[in-house]
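Listed here are the chains, written in short residue letters.
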Number of protein chains: 2
Amino acid sequence: MVDTATRGQLNKRETTSVEAEVEAQIEETSGAASVDVESLGRQLLGTWADVRREARENVKDPALHNVPGLTLTEQRERTLAQLHLLVERGAVHRAFPKSVGGLEDNGGNITGFEELVAADPSLQIKAGVQWGLFGSAVLHLGTEYHHKTFLPAIMSLEIPGAFAMTEIGHGSDVASVATTATYDPESQEFVIHTPFRGAWKEYLGNAGLHGRAATVFAQLITNGVNHGVHCFYVPIRDEDLNFLPGIGGEDDGLKGGLNGIDNGRLHFTNVRIPRVNLLNKYGDVAEDGTYTSSIDSPGRRFFTMLGTLVQGRVSLDGAAAAVSAMALAIAVTYGNQRRQFNAGSDTDEEVILDYQRHQRRLIPRLATTYAMNFAHDEFLVKFDSVFSGAADTDEDRQDLETLAAALKPLSTWAALDILQEAREACGGAGFIAENRLVGLRADLDIYVTFEGDNNILLQLVAKRLLTDYSSKFKTADAGALARYVVEQTAARAYHGTGLRTLAQSVSDFGSTARSVQSLRDTNSQRELLTDRVEAMIAEIAQKLRPASRMSKKDAADLFNSQQNNLIEAARAHAELLQWEAFTRALEKVEDVGTKQVLSWLHDVFGLGLIEKHLAWYLIHGRLSPRRGQAVSAYLDRLITRLRPHAQDLVDAFGYGPEHLRATIATGVEAERQNEAREYYRAQRASGSAPIDEKALKAKKRK
Amino acid sequence: MVDTATRGQLNKRETTSVEAEVEAQIEETSGAASVDVESLGRQLLGTWADVRREARENVKDPALHNVPGLTLTEQRERTLAQLHLLVERGAVHRAFPKSVGGLEDNGGNITGFEELVAADPSLQIKAGVQWGLFGSAVLHLGTEYHHKTFLPAIMSLEIPGAFAMTEIGHGSDVASVATTATYDPESQEFVIHTPFRGAWKEYLGNAGLHGRAATVFAQLITNGVNHGVHCFYVPIRDEDLNFLPGIGGEDDGLKGGLNGIDNGRLHFTNVRIPRVNLLNKYGDVAEDGTYTSSIDSPGRRFFTMLGTLVQGRVSLDGAAAAVSAMALAIAVTYGNQRRQFNAGSDTDEEVILDYQRHQRRLIPRLATTYAMNFAHDEFLVKFDSVFSGAADTDEDRQDLETLAAALKPLSTWAALDILQEAREACGGAGFIAENRLVGLRADLDIYVTFEGDNNILLQLVAKRLLTDYSSKFKTADAGALARYVVEQTAARAYHGTGLRTLAQSVSDFGSTARSVQSLRDTNSQRELLTDRVEAMIAEIAQKLRPASRMSKKDAADLFNSQQNNLIEAARAHAELLQWEAFTRALEKVEDVGTKQVLSWLHDVFGLGLIEKHLAWYLIHGRLSPRRGQAVSAYLDRLITRLRPHAQDLVDAFGYGPEHLRATIATGVEAERQNEAREYYRAQRASGSAPIDEKALKAKKRK
C-alpha cells in the first residue's frame, strides 16, 4: 500500500524532474525573442494583402459602424443604408463578371467582404445575403441571360433579394426541400408552390422586409418527372414592398444578434414565373418541357450546384478568425494595463495579465487565432484557384468543400469561445456594450449553425475521411498501405483534403527511449496529430465493416453508434489542417526574433491540441505517462515565455482603435491609475494620510 | 513495427471486449426503468417546496415576463413596474424581520427569489439589488434604528437603492476600496468622498436612474485612524430623481443583457451624512469620534461584514440551476419532436434526439443539471441554518462561504454552456428571440463574473483547501494522516466544506485485478473523485513549501506558478460536492423505476467527470488504459439507456409552458409534420406524385 503522503512525494520527484528537463530544453533551443510587428503584420494580411488593407481603411468610417441600442426597425434601416454606401464605394463587386462591371477576383472579393465584420457583423451578413448568396446564385447557377438581366440591379442594390433555400421542415437537408416548381408548357411558365407549412422558406435575410426578389430552390418537375432541386429567380415584392400575388411571408422578428438583417419566411401559392427564370447553368427545360442537363447524374448535378455556394463558408471562416483577433486585441490590451492599487503603498500591483491563470486563459487562444488566420489564408487561395478556374477539377472542388466543412466549424466555435473568455477576462467592463465583446458574441452566435450546422459539416468531413479510407484499404495489406503512404507524401504538397496518412510509422511512440524533448519537434507533433486522425478513422471503419451485411435499419443504427466518434475524428482532422497551416506559415517567417516567438506560439497550439486529447494518446500507447506530463509542463513554460510578447502578437493583427472601438482598450485604464497614484503620493507627502488601524494595533502591542 | 492496419485490429479486439463487458455489466444491474415524474418532481422542488410552488405560480403572470425588443428605457421602466407588483404580492419580503412585516425565513426567501428568473432575469436581479443587496446591507450591517428607519421604505420600494461596493479601480478586492468616510466630530457627520476617478462606484444596479439612496462601502476614518471598510446609508437622489448636492454619476448604458436594470456609476464630493447613518452592527463611532467594535481584529471584522452578503451567491447558484433546467426542457422537447421527412416516403425520419451526437450533447448536461439542483438544495439548507442562527459558528460561516465560492462558479458556467448547447441543438430556431434561449444566455452571461468573479472564487476555495491541508499535515507522517482520515470520516456527515480525504487508501486503483465493472460502483467513483482533489492539493502544497523561506516577491511568483493548478483543484473539489449531493439525493428516491433511471443519470455525471479528467487518472496511475477506455464505453451505453427517459427527466423539473414560453417547445413542430405527412399520403393516393428522375433512369437502364 502506498499512502497518500508517500505518493505525494513520488509525484513530486517525478514532476520536478520532468519540469526541469522541459525548462532545460526550452532554454537550450531559445534564441533572441522579439516580434517585428510590422513584418508579422504583413504576413498576417495574407495573399490579398492590398485588398485587405483597403477594406480595413474603408471600415474605419463611423457611417459603417453598428450603434448598440437601436430599435429593431432603426437597426435594419441603418444596415440597409450602409449597404448602399458599400455600393457607392465599389466595395463589394469584386467577384462579379467584368461584363457587368466586376473584377472576377474571387479571393479578393472574400478578403474584402470578411473585413466588414469589424464594422458590424450585421452589415457583413446582409451584404453576404445580397451579393454572396442571392447574387452568387444568379452568377453561378444562371447563364448569360440572367447575368445581363438580373445582376446589374442586384449589384446596385436596386433589387435587394433573398436566398430562399432553407425550409422550416428541412434544415441542413437541402435535397429534400418540399417547394415545387412545376413546368407548364402551355404558358411556358414554372409554377412555384409551397405545399404545406413545413415547406415555407425560413430564416432568409432580406425576406422579412427589404427583399424584392428571391432565388428559390425547388424541386423541378416537368412532364411528370422530378429532376431534383434547381434554383429559380422569383420576384416577390413590388416597388412599394408589398408582396406580389400568391406570395406571403412572416418576419422572424428579433433574434439573438444580427438584428440589422430582416430575416423572414416566405411561401408561394401557385406563383407563375417565366420559363427563362430557371437559373439554367446545370439543367434546363425547353419550351416543350424537355429537360436537359450537362450533368447526367442527378446526385452529382445537385452537389455541383450546391458546391458553387461554398464561399459562404469561406467567408465565415475568415470573419471568425478576424473577430477572434479583435477580441484578443481588446482583452490583451486591457489585461496589460489593468492593475489594482494598494491604497497608501507606492508599489503597483501586477497587471492582470501577469497572473498565470489569466495567461492560461488568453495565450493558448492567441495561438489558436494565429492558426485560424494562417489556415484561412490557405483556404482562400484554394477557393480562388477553384473559382478562377486555375484548378477546378471535380477533385479540387471536392477538396475545397471538405476543407470548408472542416475549417468553418472549428473557427466559428473558437470565435464564440474566445469572445466569451475575452469578455470574462475583462470582468464587468466586458459586459458593457460600449466595449464591443458582448455585441460581437451575440452576432457571431449564429455562425456556428448557419451556412451548414457545424456538427453536420464535421460529419461530412468524417464521411469523406471514411470513404478515402475504405477505397484505399478495402483489401488492405501492409504492402498496399505502404504504397498509399508513399503516394500521399509524394503527391500532395497541400494537405487541404481527404485522409491524411503518415509518412512513416509511429509505432515507436511511447517508447521511453525518446525523451520528453521530442515533443517540441515539429515532426513529432505532426506524427502525433496525424496518427490520431488515422487511428480514429481506422477504428471506426473496423466497427462499421459489418454494416454491409446488415439490414438497412441495423446498418443505420450501427452508423449512429459511431456518430460521435466520427465527428471527433473530423475535428481532429481539422485541427491537423490548422496546425499544418501554422507550420507552413512559421517556415516563411524571416526575422529571427519573430520566428523564435512564433515558434513558441506554434508549439503552444500543437501541444495544446495534444494536451486536449491527452487521454487518447495515453490510452492508445502513443505517449507514456511521463511524456504526457511533459506536455502540460511545456505549455506552462512556453506561455510564460510568450507573455512579454502578447501585446506585440495582438498588435500584429493590425486592428486599430477605429476597428476595436472598445473604451477599455484605449488607455483610459492607465490614465485612471496615474491619477490614483498621484493622489496617494501627494497624500503621503502632505502627511495627511490616516494611520491604518491594523498598523496602530501592531504598534501598541510593542 | 506494428503497422496501422494491424494496430486497427488490435484496437478492435481490445475495444470490443471492453464494450461487451460494459454492456453485460449494465444489463446485469438494470431493473425496470421508468420515471415517476410527479414524485421526482416533488423531490426536485427541494426543502422549501411550497414556497417554490407558490413562486412558480406567481411567475406565470405575463405582467412579470420580459418582452424582447423593448428599448432600453422601456425595458427599465417595465422592470421597475414589475418590482412594484412583487411588493403588492408580498413576494419578496420573507427574509426581513418580523418587526417590520417580514417572516425571517431565509431559505424560503432565496427559494422564492430564484424562481423569478423564469419570468425575467432582469426582474430577478433588480429585485436582488433592492432587497438582497441594498436592503440586506441595512438589515445585516445595520441595527434596530436602521431597520425601523430605512427598511419599511426599502421593502415598499418607496426608496429604490443601490449597493455601492465595487469601484472602477477595484473589482474583486473590496478591502482596497478608495472611497473615504471621514468622521467630523464638530458636526457629528461622516464626510463621504471619492478621491479620484478609479474610486467611482461602478456597475451598481439602480444607480443609473431609479436609485434614491445607496449603501456605500468606504474606508471609515476617525481621529486620523482608518478602521477599514464599513457601510453607510447615503441618500443620493431627491424625489424627482435629481442627484443631491455633491453626488454625481453616469449611466452604464446598454449591456450584454439584464437591460431591465439601470446600472451606473456614482461619485461623492464631500457628501455629509449624519453619524447614525453608519450601519453600525460591527463597528460604531461615538459622538466624540471614538471607534468601537465587537470584533477586535480588523481583518476578521471585514470578513464578518462581507460574509453577511453571501446570499447573492446562493441565489445565483439556484437561478443558474433553474435556467439550465429550462433550457434543457426546451431543447429536449424540441429534439423529441423535430424530424425531417423524406418527400414521397411514408417512413418518418428519426427525431433528432435519436442521433447519438444529439444525445451526447444533451444528456450529460441533463445529468449536470440534476447534480446542480440537488447540490443547490443542500446549499440552501446550509445557508438557512447559518442565517437563522440554528448553526452559525465561525466555522459554519466559513464553510458556507467556501461552499458558495465552490458551487456558484460551476453552476453559472454550466448554465452558459447548457444554454449555448441548447441554442445550437435547436438550430436557427434557437437563435430566434421568441424561443427564449438567446435572451436567457445574454442575461445570464454576467452571472459568471458578478457577485465574485468565478476564477477568483475558485481561488478562494483552493486557498481554503490548502490551509486545511497544511494545518493538518504540517508535520505529516503516516500516523497523523491516518488519524486525520478517521476523524474526517467519522465527524462529518455533510461534506460541504474544506478538504475531503479518503476513508480508505486508493492505492489499489489501476490494478488489473479490479474489473471495469467497478467504475459504476458508487464508492469507486467517490474514491476516484476524492483522491484527485486530495492528490492535487498535496502536490501543490509540496511545490509551495519553499515559499516560507523565500523573499515576498519570490514567494508570490512561486504561488503564481501554481495558480492554474489551484483553480483546477478547486473545481475538482466543487465537482465532488455536486456529485455527493446527487448521490445523497439518489439514496432518497423510493420509486424503483425512477431510482433505476436516476442511478444511470448519476453514473453519467460521475463517469462524465472522470472522462473529463481522464488524462490525470491515467498519468497518476489511478486508472489503467483499459479501464480508461471503459469509462467512455459506459457513458455511451448509459446515454443510450437514458434516451427514452429524457423527456420525463426534463418534465420532472416542473416548468410549464408559461415558464418556458418557447414556441418550438409547444408542439407546433409535430403539427407541421402531421400536415406534411397528410399531404404526401394524399398525393400518393391520387397517383399525382411525380416520378423521380433517379428512379426513372434506373428503370430505363433495366
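Reading guide: rules and limits
- Sequence order as written defines residue numbering, which begins from 1 separately in each chain.
- A letter from A marks each chain and a number from 1 marks each ligand, given out in the order of writing.
- Reporting of local features is limited, given that this is a predicted model, to residues whose pLDDT is at least 70; pairs of side-chain atoms are given and counted only at 80 or more, and all residues count toward the totals for whole chains, interfaces and linings.
- The helix count covers DSSP runs of H or I at least four residues long, the strand count covers runs of E at least two residues long, and both are numbered beginning at the N terminus.
- Using C-beta atoms placed from the backbone, we call a residue buried if 20 or more other C-beta atoms fall within 10 Å of its own, exposed if 12 or fewer do, and partly exposed for counts in between.
- For the purpose of contact definition, each residue receives a C-beta atom placed from its backbone, and two residues are in contact when these atoms lie within 7 Å.
- The seven residues ending at a residue and the seven starting there each receive a fitted axis; the angle between those axes is the bend at that residue.
- Strands are treated as partners if at least two bridges between them are detected by DSSP.
- For each domain, the first and last residues come from an automatic or database assignment.
- Each axis is a line fitted through C-alpha atoms, and for a helix only the stretch in contact is used; angles between axes span 0 to 180 degrees, taken between their N-to-C directions.
- Orientation categories follow fixed angle ranges, with anything under 35 degrees roughly parallel, anything over 145 roughly antiparallel, 65 to 115 roughly perpendicular, and all other angles oblique.
- Crossings are assigned a handedness: left-handed for a near helix turned anticlockwise from the far helix by less than a right angle, right-handed for a clockwise turn.
- Classes in brief: Ala, Val, Leu, Ile, Met, Phe, Trp, Tyr, Cys and Pro nonpolar; Asp, Glu, Lys and Arg charged; the others, Gly included, polar.
- For every residue, the predictor reports its confidence as pLDDT, a number between 0 and 100.

K.L.:
Help me understand the overall build of chain A, please; the structure alone is not making it clear to me.
P.N.:
Secondary structure summary: chain A contains 25 helices and twelve strands in total. Taken over 702 residues, chain A has a buried fraction of 55%. Pairs at least 24 residues apart make up 76% of the contacts formed inside chain A by residues separated by at least 6 positions.

K.L.:
Mind showing me how you'd approach helix 6 (residues 121-141) of chain B here?
P.N.:
For an α-helix the count is 3.6 residues per turn, leaving residues at separations of three or four pointing the same way. In helix 6 of chain B, a bend of some 35° at Gly128 of chain B exceeds every other bend along the element. Among the 21 residues in helix 6 of chain B, 20 count as buried, and that is most of the element.

K.L.:
What is the right way to look at the pairing of strand 3 (residues 189-193) of chain B in this model?
P.N.:
Where a strand is regular, its side chains alternate between the two sheet faces. Residues and elements named next belong to chain B. Of the pairings in the sheet, the one linking strand 2 (residues 180-184) to strand 3 comprises five bridges and is antiparallel in character. Across the sheet, Thr180 pairs through a bridge with His193, a residue of strand 3. Where strand 2 hands over to strand 3, the hairpin turn is made up of four residues, of which Gln188 adopts a positive phi near 50°. Looking at chain direction, strand 3 and strand 9 (residues 271-274) are connected through four bridges and run antiparallel. When the sheet's bridge partners are listed, Ile192 is paired in strand 9 with Val271.

K.L.:
Any chance you could explain the domain arrangement of chain A here in plain terms?
P.N.:
Much of the literature gives interface size as the accessible area that the parts lose upon coming together. Residues and elements named next belong to chain A. Splitting chain A by domain gives domain 1 (49-309) and domain 2 (312-651). Of note, the centres of domain 1 and domain 2, computed from C-alpha atoms alone, are 32 Å apart. Per element, the largest residue contribution to the side of domain 1 that touches domain 2 is seven residues, and it comes from helix 5 (residues 106-115).

K.L.:
Help me understand the environment of Phe431 of chain A in this model?
P.N.:
Its place among the elements puts Phe431 of chain A in helix 12 (residues 427-431). Sequence spacing of Phe431 of chain A and Gln420 of chain A is eleven residues, and the spatial spacing of their C-alpha atoms is 10.0 Å. With sequence-adjacent residues up to four places away left out, Phe431 of chain A is seen in contact with Arg423 and Val438 of chain A together with Lys255, Gly256, Asp445 and Ile446 of chain B.

K.L.:
Sorry if this is basic, but what is going on with the packing of helix 5 of chain A against helix 9 (residues 311-335) of chain A here?
P.N.:
Two quantities define a packed helix pair, namely the angle between the helix axes and the distance between the axes. Residues and elements named next belong to chain A. Where helix 5 meets helix 9, the closest approach of the two axes is 9 Å, and the angle between their N-to-C directions is 45°. It follows that helix 5 is oblique to helix 9 by the angle criterion. Relative to helix 9, the crossing made by helix 5 is right-handed. Within the contact between the two elements, helix 5 uses Ile110, Phe113, Glu114 and Glu115 and helix 9 uses Gln311, Val314, Ser315, Gly318, Ala319 and Ala322. Here the contact of helix 5 with helix 9 is composed, by residue class, of five nonpolar, three polar and two charged.

K.L.:
Could you clarify how one ought to interpret the sheet that holds strand 7 (residues 247-251) of chain B in this entry?
P.N.:
Strands belonging to one sheet form pairs held by backbone hydrogen bonds; the direction of such a pair is parallel or antiparallel. Residue and element names in this part refer to chain B. Across the sheet, three strands lie side by side as 4-8-7; this open sheet has antiparallel pairing. Only two strands of the sheet have a single neighbouring strand rather than two, namely strand 4 (201-204) and strand 7. Between one strand and the next, the sheet's axes are offset by a mean angle of 25°, whatever the strand orientation. Bridge count between strand 4 and strand 8 (residues 264-268): two bridges; the pairing is antiparallel.

K.L.:
Got a minute to help me understand the pairing of strand 2 of chain B in this structure?
P.N.:
With three bridges connecting them, strand 2 of chain B and strand 5 (residues 213-222) of chain B associate as parallel partners. Directly across from Thr180 of chain B, in strand 5 of chain B, lies its bridge partner Gln219 of chain B.

K.L.:
Which parts of the structure should I look at to understand the packing of helix 6 (residues 121-141) of chain A against helix 9 of chain A?
P.N.:
Residue and element names in this part refer to chain A. It is at 11 Å that the axes of helix 6 and helix 9 come closest, and there the two elements cross at 160°. The orientation of helix 6 with respect to helix 9, classified from their angle, is roughly antiparallel. Regarding helix 6 and helix 9, the two cross each other, and that crossing is right-handed. Residues Gln124, Gly128, Gly132, Leu133 and Ser136 of helix 6 lie in contact with helix 9, whose contacting residues are Gln311, Gly312, Ser315 and Ala319. Here the contact of helix 6 with helix 9 is built from residues that sort into two nonpolar, seven polar and no charged.

K.L.:
Where do I start with unusual backbone geometry in this structure?
P.N.:
Note on backbone geometry: most residues besides glycine have negative phi, and most peptide bonds are trans. All names here are of chain A. Of note in this structure, Gln188 is not a glycine but carries a positive phi near 55°. The residue Gln188 is located in the loop between strand 2 (180-184) and strand 3 (189-193) in this model. Given 15 C-beta atoms within a 10 Å radius, Gln188 is considered partly exposed. In this structure, Leu258 takes a positive phi of about 50° despite not being glycine. Relative to the elements of secondary structure, Leu258 occurs in the loop between strand 7 (247-251) and strand 8 (264-268).

K.L.:
Help me understand the confidence of the model for chain A, please; the structure alone is not making it clear to me.
P.N.:
Where the model shows low pLDDT, its predicted coordinates should not be examined in detail. Residue and element names in this part refer to chain A. Per-residue confidence for chain A gives a mean pLDDT of 89; residues scoring 70 or more make up 89%. Long-range and interchain partners of residues 1-15, a stretch whose pLDDT sits below 50, account for 21 contacts in this model, where long-range means more than four residues apart. Contacts of residues 475-514 to residues separated by more than four positions or lying in other chains number 56 contacts, the stretch itself having pLDDT below 50. Across the assembled chains, the prediction reports ipTM 0.92 with pTM 0.93.

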